[in-house]
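Single-letter residue listing:
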Amino acid sequence: AIINFRLESLQDIQNISQVVNDSTAQEMLLNALKVSSQSEVFNNNQTLSLVQDILEDNMDILSNSTNLSDSEAQAVAEILSNMMSYASLYDCAGNTNFTIGLRNKTNLYLSKIGQSAFANLLPGENYSVITTDNFNILSQKLKLCNLTSQTYSMGDSSPDITFDFKNKKDAADCSKD
């Protein structure tokens, strides 16, 4: 009964998403999709496929011309994470059409989230981190030479990352900058 109610709600969201196209409404729809994609036990392949259809077909989030705001990128990341949690619990072998499609599109989703987060940053600005239950995305704009001078932390559950030049000649080239 809960899954049927969720499916009906998603169909309503799909209908609404076909007629609205301002940023405030899109953010509200993304939040509704985020809530609808939560909880593996209250979803199935049909509900989460509909979530994907709304994201891709109605909201066109994978389009090259779409740039997600920071909050939209976070919402899409959480929706992707929710879909990944469902697939890992109910179809770990990756046999269903939903999981196969998700596997094939995960890189596209991650790229869109990362590109949008990157586009919203200014050069030299502190890095931003999008955090979900299944992955983190770190974004920062800076010169290659500045990359080695920082340690990146994405939270308590992730290791710190420090970059170093593999070739010492590359490090010497930075002193010319």
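Predicted, not measured: the structure shown is a model, and the values here were computed from it. (Residues numbered from 1 in each chain as written. Predicted model: local features only at pLDDT ≥ 70, side-chain atom pairs only at ≥ 80, totals over all residues. Heavy atoms only, no water.)

K.L.:
Tell me what's going on with helix H1 (residues 2-17), and back it up with residues and numbers.
P.N.:
Look at H1: 22 Å from first C-alpha to last across 16 residues, which is about the 22 Å you get at 1.5 Å a residue. Restricting attention to buried positions, one finds in H1 the residues Arg6, Leu7, Leu10, Ile13, Gln14 and Ser17. One face of H1 carries all of its buried residues, which in axial projection span an arc of 120°. Summarising the contacts, the buried residues of H1 are in contact with helix H2 (23-37) and helix H3 (45-58). (Helix = DSSP H or I, 4+ residues; strand = E, 2+ residues; numbered from the N terminus. Expected span 1.5 Å × (residues − 1). Buried < 20%, exposed > 50% of the residue type's maximum accessible area, 1.4 Å probe, protein only. Arc of directions from axis to C-beta. Contact = heavy atoms within 4.5 Å.)

K.L.:
So what's going on with unusual backbone geometry? Which residues, and what values?
P.N.:
Trans peptide bonds make up most of the peptide bonds, and negative phi angles are found at most residues other than glycine. Positive phi outside glycine occurs at Ser39, with the angle close to 70°. Even without being a glycine, Asp60 presents a positive backbone phi close to 55°. One can find Asp60 in the loop between H3 and helix H4 (70-90).

K.L.:
How would you explain the side chain of Glu72 if you had to name every residue and give the values?
P.N.:
Within the element layout of this structure, Glu72 appears in helix H4. Lys112 provides the closest opposite charge to the buried, unpaired Glu72, separated from it by 9.9 Å. Among all residues touching Glu72, those that are not within four sequence positions of it are Ser23, Gln26, Glu27, Leu30 and Asn67. (Lys, Arg positive; Asp, Glu negative; His and termini not counted. Salt bridge = Lys/Arg side-chain N within 4 Å of Asp/Glu carboxyl O.)

K.L.:
Give me the lowdown on the pairing of strand E2 (residues 136-139), citing residues and values where you can.
P.N.:
Here E2 shows one buried face, formed by Ile137 and Ser139, and one open face, formed by Asn136 and Leu138. With 4 bridges connecting them, strand E1 (residues 128-131) and E2 associate as antiparallel partners. By the bridge assignment, Ser128 is partnered in E2 with Ser139. If you look at the hairpin formed by E1 and E2, you'll find 4 residues sitting between the two strands. (Pairing = 2+ DSSP bridges.)

K.L.:
Report on helix H5 (residues 97-119), specifying residues and quantitative values.
P.N.:
Spanning 23 residues, H5 covers 33 Å between terminal C-alpha atoms, matching the ideal 33 Å at 1.5 Å per step. Roughly 45° is the biggest bend found in H5, and it falls at Lys105. Turning to H5, its buried residues are Phe98, Thr99, Leu102, Thr106, Tyr109, Lys112, Ile113, Gly114, Ser116 and Ala117. Along its buried surface, H5 packs onto H3, H4, E1 and E2. (Bend = angle between axes of the 7 residues up to and from the residue.)

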